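Remarks on the overall topology
One letter stands for each residue in the lines below.
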Amino acid sequence: DPASKTTRLQEIAAQRKLDVKEAKVAKPEAEVRREAEQLIADIGAPMSLTECLSAAETSSWRLALAAEFKRASPSKGDINADLDAAQQALEYTKEGASVLSVLTEPKWFKGTLQDLKDVRLKTQAWAKEQGVRRPACLRKDFVIDEYQVLEAVAHGADTVLLMVSILPQSRLRALITFSREWGLEPLVEVVTVRELKVALDAGAKVLGVNNRNLHTFELDKQTTALIAKALRETFKIAFGPGHSTKILALSGLSMPEDVQECRDISCSGVLVGETLMRASDPGAAIVELMGSALSGDAGTGTVGALPVAPGAVIVKVCGVVREEDARCAVAAGANMIGVIFAKSKRGVSVEQAKAVVDVVRRFGERKGVVAAGPRDAAPATVEGLAQRCAELRIACKRTPLVVGVFMDQALDEVVETSVAVGLDAVQLHGSEDAAFISELRKRLPHAWVLKVVHLPPRGESDAAGLSEELRSSLTPHAALSDALLLDTAVKGSVSGGTGATFDWEVARRVQDEWGVPVIVAGGLTDENVGELVGSAQPYGVDVASGVEDAPGVKNAEKTTAYVKGAKRARVSA
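One structure accompanies this document, and this report is about it. Within each chain, residues carry numbers counting from 1 in the order of the written sequence. The predicted origin of the model limits local features to residues at a pLDDT of at least 70 and limits the giving and counting of side-chain atom pairs to 80 or more, whereas totals for whole chains, interfaces and linings rest on all residues. The side-chain values count all of the structure's non-hydrogen atoms but skip hydrogen atoms and water molecules.

A cis amide bond links L306 with the next residue in sequence, P307, at an omega value of -10°. Secondary structure elements follow DSSP: runs of H or I no shorter than four residues count as helices, runs of E no shorter than two count as strands, and numbering proceeds from the N terminus. For P307, the position within the fold is in the loop between α12 (282-290) and β13 (314-317). With a phi close to 80°, S251 is a non-glycine residue in the positive phi region. Structurally, the position occupied by S251 is in the loop between β11 (246-250) and α10 (256-264). One non-glycine residue, D408, lies in positive phi territory at about 55°. One can find D408 in the loop between β15 (401-406) and α16 (411-421).

A pair of strands is treated as paired once DSSP finds two or more bridges between them. Pairing within the closed barrel is parallel, and its eight strands lie in the order β13-β14-β15-β16-β17-β18-β19-β20. Going across the sheet, the axis of each strand differs from the next one's by a mean of 25°, ignoring polarity. Here six bridges tie strand β17 (residues 448-455) to strand β18 (residues 483-488), and the two strands are oriented parallel to one another. Following the sheet pairing, L450 is matched in β18 by A483. Only heavy atoms enter the contact rule, under which two residues are in contact if any of them lie within 4.5 Å. Angles here are taken between N-to-C directions and fall from 0 to 180 degrees, while the axes themselves are lines fitted to C-alpha atoms, restricted in helices to the stretch in contact. Along the sheet, helix α17 (residues 434-443) makes contact with β16 (425-428) and β17, crossing β16 at roughly 170°. Sheet contacts for helix α21 (residues 556-568): β13 and β20 (540-543); angle to β13, the most-contacted strand, approximately 165°.

Attention now goes to the environment of T112. You can see T112 is positioned in the loop between β4 (99-103) and α5 (113-130). Considered as a pair, T112 and R139 are 27 residues apart in the sequence and their alpha carbons are 10.0 Å apart. Aside from chain neighbours lying at most four places away, what touches T112 is L103 and T104. A polar atom in the side chain of T112 sits 3.0 Å from the backbone nitrogen of D115. Here a polar contact means two N or O atoms within 3.5 Å. Within protein one must be a hydrogen donor candidate and the other an acceptor candidate, and residues neighboring in sequence count only if both atoms are side-chain atoms.

Next up on the list: α12. For every residue, the accessible area obtained with a 1.4 Å probe (protein chains only) is divided by the maximum for its type, and the residue is called buried under 20%, exposed over 50%, and partly exposed between those limits. Of the positions making up α12, those classed as buried are P282, G283, A285, I286, L289 and M290. The buried side chains of α12 occupy one side of the element, clustering within an arc of 160° when seen end-on. Where α12 is buried, its residues contact β1 (64-69), α4 (85-94), α10, β12 (269-272) and α11 (274-278). Between the side-chain oxygen of the N-cap and the backbone nitrogen of G283 there are 3.1 Å, and the N-cap of α12 in question is D281. Immediately downstream of α12, the backbone of G291 shows phi near 100°, a positive value. Here, the arc refers to the directions that run from the helix axis to the C-beta atoms.

Structure (structure tokens):
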């Protein structure tokens, strides 16, 4: 349709066609062919992708991890633009990745062919030293020409991605044949059952099912299951362990439950990119997602709220008014975005809050609220709070949540505003009692509820003197809330954002001695959040004024440094 709008995928494919044309002028195909032959002579021929996947199927994980390196993406912008590809890939390799996917498209993904070569050389050298099998290297790009396959071989690739969505069947068949002539079994990507038929007719053996529609960039994690069902029931083709046909799930996999679902439908591998690229500790992220390759445990996703593992602290940025500030915070890795409806210098209108919600939902690739689970799943006790906190961490790790902050406002106002804006969570910052919270739960059964408990500023009281008073304040709220937030109470100001800290030893004792997870607020900045996380290991941290240029105007550099500082902090000795 000449009147239809060009999709981003079509735009990228068209650009890559121009790129290939220019590359052929700069370096003739015969020269690239010679480079490919020389590299094979120097460091060895490509390994079999099918054999690599088959070996992973017999591991404790029961499938392969294809760990991806990508600095940016069209849907998310910069992800971690300054990372070194080879070093990141080595971290993946040490934790058991069987395939290393390297984006080499330069404009939208900020990748290079040199990244691919560096990854191959560094990980092969390490594997040789350790006496273990090296991972297979995938050139992930928009491959439309044999020239790109030769480039891949010349830079150490063992396989290339071929996308049915941008290749006519005749081109797909030719590229599959050409790849195999050079010892590469290509990973053929499909999104629909129609594309699956095209791939099978072209002779594809290793199928990558993209859960993301690259025309619309919408994500549907059920796509892999639908394709697997069609392969088995419609096309009568057996796949997985013991079979030559393999399926890998691509895109949108971030939790152990996602990986388990792939195991359940006989996937031979999962490709994980953004989750690992954003992780402060990619090795720990792999262990959480997949299980320990050394211990033989598969990931279960049953990590408790306490103690807080490195990088697992929940990070909240509050007092967000502007869309660009919300976008910056979630891109940096924030788990919660707070919008204030109480009287405050950072207060928002319903329309401003809706705009923030829209930004956060687009980033998290969702259309509705993230609902809290059934309240009867965890007992209404202090002990039950830890379970609810663990569930909240899982929810806001999958996708950032928007928290509406209220203070001593009428119940009807809280409910009506929450529904109108589409809030995921409600934070009660005033003197709301247990009866108020109980009624709020009835009126908003799917909303997460956070309750603030105020503490005197540092120097006005110490941790030891607060014990009984604090316990009496925490107990009734802990029994009904999904998370508790400790904030500094300053005379003359009850709305937070004062820039004053309390004694962080209180937070440490509350968690260590009482087993009550807490989010710490009050006086945090990009400069001191790492110290807090390293010393007290709080369940979460919350900032408002500490990353601002003016009330409601966040500083992008400070916001990013605050989020990353919290995630990267390590426990003090």
